[in-house]
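# Working through the structure, step by step
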Amino acid sequence: MAHRDVLDALLHDYTTRAEAIRRDLGRSHSADFAEQAQQRQNDEVLDALLAEAEHGLLLVRQAKQRLAEGRYGECLCCGEPIEAARLAALPIAEYCLLCTEDLGDAGNQASGLR
């Protein structure tokens with residue numbers, strides 16, 4: 001699958017996820033206090049999931065911009081090519097493995113693809 005197709009699929013997935021979460025957040029709450037308290041807790045979880053989906057959308061859009069500019073797969077730190085296996089596993093990768101380790105960014109980038 002071409003990089004553009006993979007990024008388009010990710011964009012679609014994140015967009016669909018964010019829209020579904022927004023719908024869930026927009027629903028009305030129960031008049032029952034105990035049930036409403038539980039729904040509010042659920043809303044906090046949904047808010048976190050929405051933030052994660054929106055962050056994923058941002059990363060995919062940035063990757064698509066790099067692709068359009070001919071810079072996709074180029075490490076933003078050192079300028080060297082990002083390993084093909086890394087791009088296959090993490091299509092939104094901004095850094096090669098060495099720079100990711102140096103920056104301590106492995107966990108931050110991976111969190112965008114849950």
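Residues numbered from 1 in each chain as written. Predicted model: local features only at pLDDT ≥ 70, side-chain atom pairs only at ≥ 80, totals over all residues. Heavy atoms only, no water.

Named according to an unreviewed UniProt entry, the protein is Transcriptional regulator, TraR/DksA family originating from Ectopseudomonas composti.

### Considerations on the overall build of the protein
Worth spelling out the cut-off: Secondary structure follows DSSP: runs of H or I at least 4 residues long count as helices, runs of E at least 2 residues long count as strands, and numbering of each begins at the N terminus. Only protein chains enter the accessibility calculation, which uses a 1.4 Å probe; a residue whose area is less than 20% of its type maximum is buried, one above 50% is exposed, and one in between is partly exposed. Should any heavy atoms of two residues lie within 4.5 Å, those residues are considered in contact. Exposure was quantified through the Shrake-Rupley algorithm and a 1.4 Å probe, taking into account, for residues, occlusion by the shown protein chains and nothing else.
Per the secondary structure count, the protein includes five helices and zero strands. Listed N to C, the secondary structure of the protein is α-α-α-α-α in terms of helices and strands. The buried share among the 114 residues of the protein stands at 32%. Considering only contacts within the protein whose residues lie at least 6 apart along the sequence, 47% involve residues at least 24 apart. Summing over all exposed atoms, the protein offers an accessible surface of approximately 7000 Å²; the carbon and sulfur share of this is 54%.

### Quick notes on the confidence of the model for the protein
What counts here: Per-residue confidence from the predictor is reported as pLDDT, which spans 0 to 100.
Taken residue by residue, the protein gives an average pLDDT of 87. The fraction at 70 or more is 84%. For the protein, helix H5 (residues 106-110) is the element with the lowest average pLDDT, namely 48, and helix H3 (residues 84-89) is the one with the highest, namely 96. Counting contacts from residues 109-114, a segment whose pLDDT is below 50, to residues more than four positions away or on other chains yields 18 contacts.

### With respect to the nonpolar core
This is how it is decided: Buried residues of nine kinds, namely Ala, Val, Leu, Ile, Met, Phe, Trp, Tyr and Cys, make up a nonpolar core once their side-chain atoms join them within 4.5 Å.
Counting residues in hydrophobic clusters, the biggest one holds 23 residues, and the most contacted among them are Leu 7, Tyr 14, Tyr 72, Cys 75 and Ile 92. Elements that contribute at least two residues to this core include exactly helix H1 (3-26) and helix H2 (33-68). With eight residues, the top contributor of residues to this core is H2.

### Describing the UniProt feature "zinc finger region: dksA C4-type" (unreviewed entry) in the protein
Here is the rule we go by: UniProt positions are given in the numbering used here, feature names are shortened, and annotations may be inferred rather than shown by experiment.
Listed under "zinc finger region: dksA C4-type" (unreviewed entry) in the UniProt record, and renumbered for this structure, are residues 75-99. Span residues 75-99 is 36% helix and 0% strand, its end C-alpha atoms 8 Å apart.

### So, the pattern of salt bridges
Keep this limit in mind: By convention in these notes, a salt bridge is any Lys or Arg side-chain nitrogen within 4 Å of a carboxyl oxygen on Asp or Glu.
Summed over all chains, the structure comprises five salt bridges. Note that Asp 43 and Arg 27 form a salt bridge whose closest N and O atoms lie 3.5 Å from each other. Here Arg 27 lies in the loop between H1 and H2 and Asp 43 lies in helix H2, a separation of 16 residues in the sequence. Accessibility expressed as a relative area gives 32% for Arg 27, which makes it partly exposed. Salt-bridge contacts for Arg 66 lead to Glu 94; the nearest nitrogen and oxygen are separated by 3.9 Å. One end of the pair, Arg 66, is in helix H2; the other, Glu 94, is in the loop between H3 and helix H4 (97-103), with 28 residues separating them in the sequence. Take Arg 66: its relative accessible area is 4%, and that puts it in the buried class. Residue Glu 94 is classed as buried on the basis of its relative accessible area of 13%.

### Points about the environment of Leu 46
In this fold, Leu 46 is placed in helix H2. In contact with Leu 46, not counting residues within four places along its chain, are Ile 21, Asp 24, Leu 25 and Arg 27.

### A word on the state of the cysteines
Under the convention used in this document: Throughout, disulfides are identified as pairs of cysteine sulfur atoms within 2.5 Å of each other.
Scanning all chains against the criterion turns up zero disulfides. There is no disulfide at Cys 75, and the cysteine sulfur nearest it, in Cys 99, is 3.7 Å away. Left without a disulfide partner, Cys 77 is nearest to the cysteine sulfur of Cys 99, which lies 3.8 Å away.

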